[in-house]
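# Summary of the model geometry
The chain contents come next:
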Amino acid sequence: GHANGAILGILCSAAIMIWVKSYTDIHILLYGAISLISCFVIGYLASLFIKGKSNTQGLTLFTKI
């Protein structure tokens, strides 16, 4: 994943939550699960299809030594 996918996931998750709150009768305790799952799935799929810069150099202890 990269930043572009994460931002798109957050924005789409917020839109989904507004729609869920306005047009469904889902219990309030399910809002967290719906927002988390939608953010993760949309962000992951967006990261697969949208080009983004992903820098993975220097992320482990062995690359610092």
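Worth saying up front: this structure is predicted, and the values here are computed from it rather than measured.

### Some words on the overall build of the protein
The helix and strand inventory of the protein stands at 3 helices and 0 strands. Over its C-alpha atoms the protein spans a radius of gyration of 16 Å, topping by over 25% the 11 Å that the globule rule assigns to 65 residues. Its C-alpha atoms give the protein principal-axis dimensions of about 55 × 25 × 10 Å. Here the protein, with 65 residues, has 17% of them falling under the buried criterion. When contacts within the protein are restricted to residue pairs at least 6 apart in sequence, those whose partners lie at least 24 apart make up 66%. Split by element, the accessible area of the protein, about 5400 Å² in all, is 71% carbon and sulfur.

### Side note on helix α1 (residues 3–23)
With 21 residues, α1 should cover 30 Å at 1.5 Å per step; its first-to-last C-alpha distance of 30 Å lies within 8% of that length. For α1, the set of buried residues is G5, G9, S13, M17 and V20. Axial view of α1: buried residues confined to an arc of 105°, hence all on one face. Those residues of α1 that are exposed and angled more than 90 degrees off the buried face are A3, L11, I18 and Y23. Looking at the packing, one finds that the buried side of α1 touches α2 (31–49).

The rules behind these values
- For every chain, the first residue of its written sequence is number 1, and the numbers climb from 1 along that sequence.
- Predicted model: local features are reported for residues with pLDDT of at least 70 only, side-chain atom pairs are reported and counted for 80 or more only, and whole-chain, interface and lining totals are derived from all residues.
- For side-chain calculations, the full set of non-hydrogen atoms in the structure is used, while hydrogens and water are omitted.
- A run of H or I in DSSP becomes a helix once it reaches four residues, and a run of E becomes a strand once it reaches two; helices and strands are each numbered from the N terminus.
- Radius of gyration: over C-alpha atoms. The globule rule applied is 2.2 Å multiplied by the number of residues raised to the 0.38 power.
- Burial classes follow relative accessibility: with a 1.4 Å probe on protein chains only, a residue under 20% of its type's maximum area counts as buried, one over 50% as exposed, and anything between as partly exposed.
- Any two residues whose heavy atoms approach within 4.5 Å at even a single point are treated as in contact.
- Under the convention used here, a 1.4 Å probe and the Shrake-Rupley method define accessible areas, while residue burial counts only the protein chains that appear.
- One fewer than the residue count of a helix, multiplied by 1.5 Å, yields its expected span.
- Think of the arc as the fan of directions from the helix axis to the C-beta atoms.

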